[in-house]
Each structure stands twice: as C-alpha cells, then as structure tokens.
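Listed below, chain by chain, are the residues.
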Amino acid sequence: MSSLRLLGMCIYLALAFAPTGLYGQCYLRVTGSPTLSRSGGNQVSGGIKLKNDQPVIGNWVVYLTAYLDYRANSSSEWTRVTSVAAQPTSIYNGTTTGMAAYSADVSGTLELRGNGDYRVTYASHGICGGQDTDLAPNPTTPSNIVSVARPTITTNGIAGMWWLNGISDPTAGFYDTAQVVGNTGGYSGTLTYQIVSGSQKARLTCTQCNTTGVQATATTNVCAQDVEVKASLGGFYAASSVKLAVNTIKPAIRTTPKPPTGSTSAYNNGWRTVVNYNVRDVCDGPISIPMSVNESFGTRTPAGSQWMLPQPRSGLVIPFADEIAVWPTQPGTLQPTVPQVPLGNVEVDRIPFFARLGSQTSGTGLLVTSTDQIRYVDHGDHATNPQ
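Keep in mind the model is a prediction, meaning the values are calculated, not measured.

Attention now moves to the pattern of salt bridges. Counting across every chain of the model gives 17 salt bridges. Across the pair D69 and R119 runs a salt bridge, and its minimum N-O distance is 3.1 Å. A residue pair is termed long-range when its members are at least 10 positions apart, and D69 in strand β5 (residues 60-71) and R119 in strand β9 (residues 116-128) qualify at 50 residues. Under the relative-accessibility criterion, D69 is labelled buried at 4%. R150 is the salt-bridge partner of E111, the closest N and O atoms lying 2.9 Å from each other. Of this pair, E111 sits in the loop between β8 (102-109) and β9 while R150 sits in the loop between β11 (146-148) and β12 (152-154), and the two are 39 residues apart along the sequence. Judged by relative accessible area, which is 27%, E111 ranks as partly exposed. The buried category is assigned to R150, whose relative accessible area is 18%. Counted as one network, the salt bridges with shared partners bring together R272, E295, R313 and E323.

On to the pairing of strand β23 (residues 270-278). With 2 bridges connecting them, strand β21 (residues 253-254) and β23 associate as antiparallel partners. Its bridge partner being in β23, R254 is matched across the sheet by Y277. In the sheet, strand β22 (residues 264-267) pairs with β23 via 4 bridges, with the strands oriented antiparallel. Directly across from A266, in β23, lies its bridge partner W271. Connecting β22 to the antiparallel partner β23 that follows it, the hairpin turn spans 2 residues, and N268 within it adopts a positive phi of roughly 50°.

Summed over all chains, the structure comprises 3 disulfides. With its sulfur 1.9 Å from that of its partner, C206 forms a disulfide with C209. In this structure the cystine formed by C206 and C209 twists about its S-S bond by roughly 90°; its chirality is therefore right-handed. Given the relative accessible area of 11%, C209 is considered buried. Through a disulfide, C223 is tied to C283; the S-S separation comes to 1.9 Å. The chirality of the disulfide connecting C223 with C283 is right-handed, given an S-S dihedral of about 100°. Taken as a pair, C223 in the loop between β17 (211-216) and β18 (227-233) and C283 in the loop between β23 and β24 (292-297) lie far apart in primary sequence, 60 residues in all.

Let us now look at unusual backbone geometry. Residue P259 is reached from K258 by a cis peptide bond, and omega for that bond is 0°. One can find P259 in the loop between β21 and β22. The peptide bond linking I318 to P319 adopts the cis configuration, its omega dihedral lying at -5°. Assignment of secondary structure puts P319 in the loop between β25 (314-316) and β26 (320-326). For N268, which is not glycine, the phi torsion reads 50° and is therefore positive. Mapped onto the elements of the fold, N268 is located in the loop between β22 and β23. Of note, D284 is a non-glycine position whose phi angle comes to about 65°, a positive value. Structurally, D284 can be placed in the loop between β23 and β24.

The rules we used
Residues numbered from 1 in each chain as written. Predicted model: local features only at pLDDT ≥ 70, side-chain atom pairs only at ≥ 80, totals over all residues. Heavy atoms only, no water. Salt bridge = Lys/Arg side-chain N within 4 Å of Asp/Glu carboxyl O. Helix = DSSP H or I, 4+ residues; strand = E, 2+ residues; numbered from the N terminus. Buried < 20%, exposed > 50% of the residue type's maximum accessible area, 1.4 Å probe, protein only. Pairing = 2+ DSSP bridges. Disulfide = S-S within 2.5 Å.

What follows is the structure in structure tokens.
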C-alpha cells in the first residue's frame with residue numbers, strides 16, 4: 001500500500017490501459033483506471049488500483065506520476081495544478097494474474113480555485129532487465145470529471161432587521177430577523193454560517209443549516225450594513241457574503257409648540273390638549289408606515305391629587321400623539337376650566353408618561369418617549385421641549 005499526497009486537490013492514480021512491456025525475458029501488462037470524487041464540502045478524494053492481468057515475466061519496477069488538471073469552465077483549456085510521483089513499485093517474476101495489486105489514496109481541498117472542473121491524468125513506465133518501457137498509452141485516458149461550484153447565499157433583497165427592544169412588529173411589517181437563504185452549489189451537504197462582523201448586535205438563529213436567520217440583539221447608532229455573514233461547506237466558502245443593517249427608531253421628536261396654545265381646545269366644559277410626536281430611523285429617514293404604539297404611566301405627584309388618572313392607550317399610528325383631556329367632573333374642589341387666554345399656570349399634577357413602538361401591549365416595545373404629562377387647570381402639556 002502506498003499513499004500519494006497532492007497540494008490543493010486529491011486524486012486517484014491508476015494505470016488506465018492494457019499496454020505491454022514485452023521483450024526477451026520481460027513481460028508485464030497492468031490495468032487500472034484513475035477515479036476522482038467529491039468526498040466533502042471542501043474536498044475531493046480519489047484512488048488508484050493497479051494489478052497485472054497476465055502472469056509476470058521478469059522483475060519489474062513500476063513508476064507512476066499523477067497529474068491534477070483544472071479548468072474554469074467547459075470552454076477553458078485544462079491547466080496543470082500539480083503532480084505527484086508515487087514510490088516505485090516492485091513486481092516480481094512469476095507473479096500470477098491479479099496478484100500484483102497496489103493502491104494509493106489521496107485527498108485535497110477546493111477552496112483555492114473555487115468553481116470549475118477537475119480531472120486526473122497520469123504517466124507510467126517500468127524497468128525490467130535494464131530496459132525502460134512506457135506502460136501508459138499516449139494520451140492516457142483521464143479520470144471522470146468532478147465539477148464543483150461554490151455555495152451561494154442571499155437575503156432576497158432584504159436590507160436588514162429592526163431593533164425594537166427584542167420584538168418584531170409583524171402587523172406593521174417591522175421584523176427583528178432577516179432570512180438568509182443558502183444554496184450548496186449542487187452538493188448534498190449542510191452550510192456552516194458565521195457572523196464575521198457585527199456580532200455585538202446580531203446573532204444567527206442556526207449555524208449548521210442551509211437557511212438561517214440573522215436576528216437583531218442590540219440597538220445601534222450606526223447607519224450601515226455592518227453585519228456581515230459568511231457561509232461555507234466545510235471551508236469551501238460561498239461566492240460572496242451578505243451584509244445587513246440593524247435599524248432602529250431614534251427618540252421621538254416633539255412637534256407641538258410649547259406652550260401648546262394651538263393644540264388646546266375647549267372640551268365638555270373642560271379642556272383637551274394634543275401633544276404630537278414624530279419619529280425617524282437611525283439613518284434619519286422618516287417612518288412613513290404606521291407602527292404599533294402604546295403608552296404607559298408612572299406614579300403621579302403630588303400623591304394627593306384627586307383628578308382621575310389617564311388610561312393607557314395603543315394603536316397602529318405614525319406620527320403618534322398623547323391626547324390629554326379633563327372636564328369638570330373630577331373629584332375634589334379644584335375643577336378644570338375651559339382654556340384661558342393666555343393659558344394659565346396653575347399646575348394640578350404630573351404623571352410620568354412613556355411611549356413605546358413595536359407593540360400594542362402597554363409597557364412593551366422600544367421606548368421612544370419618557371417625560372412628564374403635566375395637567376394644569378385649563379390645559380395639559382408634556383415636560384419635553386419641541387425640537
């Protein structure tokens with residue numbers, strides 16, 4: 001048994017012929033065929049098996065050289081990648097048919113060259129009684145062709161995923177995970193995925209699979225497709241990587257002037273004030289698609305205020321607004337009035353106000369506004385200043 005090692009590819013060596021070394025007291029005929037196969041995502045393997053198909057006359061030393069050829073496509077010329085000479089093999093006088101059998105196994109990787117075709121060719125000669133005889137036909141019959149193609153991965157046009165504090169907003173079409181679809185290039189194997197940049201804000205939903213998800217795991221203040229994903233078949237890398245962006249919503253911008261004179265009106269002998277907000281993404285682009293919005297409230301001050309507390313609301317709206325309304329049916333002696341001109345400054349209470357995006361469940365989602373809702377006798381307001 002002998003082994004042949006090729007740099008970059010594996011091949012099978014064989015004497016694919018039935019030539020004869022025949023003269024005087026020397027006679028040898030050997031047969032064999034080179035073979036080559038893909039044995040892994042990044043590997044091809046081959047082997048050679050030589051044997052005499054007639055009884056041997058004389059003592060022989062057989063030499064083999066195997067050549068690995070490559071072409072980029074069917075219209076390209078074959079080029080030689082490398083060659084390996086086997087250790088000389090001795091075949092002795094009187095060896096009966098089929099008993100002089102020898103094999104060699106080789107293997108190599110595909111990553112260096114990528115897409116293309118591979119084959120094995122060879123040359124062989126033998127020496128007996130001081131005479132050197134060709135044992136391979138010219139040209140030799142090559143091995144079978146092994147065609148390989150790099151894997152490919154795609155996001156099918158998806159540019160990235162959203163960070164909404166760990167949730168998706170499917171009603172509005174804002175998802176925290178982008179799908180990456182892989183193709184193994186015709187090989188029946190499983191891709192291995194890895195994030196090579198941006199792993200601090202994204203993760204893979206699986207690493208050993210042909211289709212994976214890239215899920216946002218943290219917020220970002222960078223407007224860039226800086227999450228890069230690669231895939232390979234055991235080290236045979238996809239033709240290109242994919243790059244994705246993590247997008248998010250910046251803190252909401254108050255658009256209602258302060259004091260909110262223009263957005264305050266009489267309501268049921270009391271008052272109604274609307275404080276409007278707009279939102280933009282991390283790339284400073286406007287959010288034009290309605291998103292899920294919810295509001296929640298904290299503990300008011302002073303604790304002794306007797307006015308009824310507001311109830312949190314939610315909806316599918318962008319821009320969003322906080323509507324504050326009070327009318328003269330409140331407990332206690334301090335009753336609301338219609339808006340005055342100018343608006344008054346008698347403060348009744350303050351209630352922490354929070355607005356979140358991505359969910360219609362109160363208290364869930366990405367916090368974009370955190371301020372105090374202030375209720376005066378004749379109007380309402382937010383502590384937040386307009387920008």
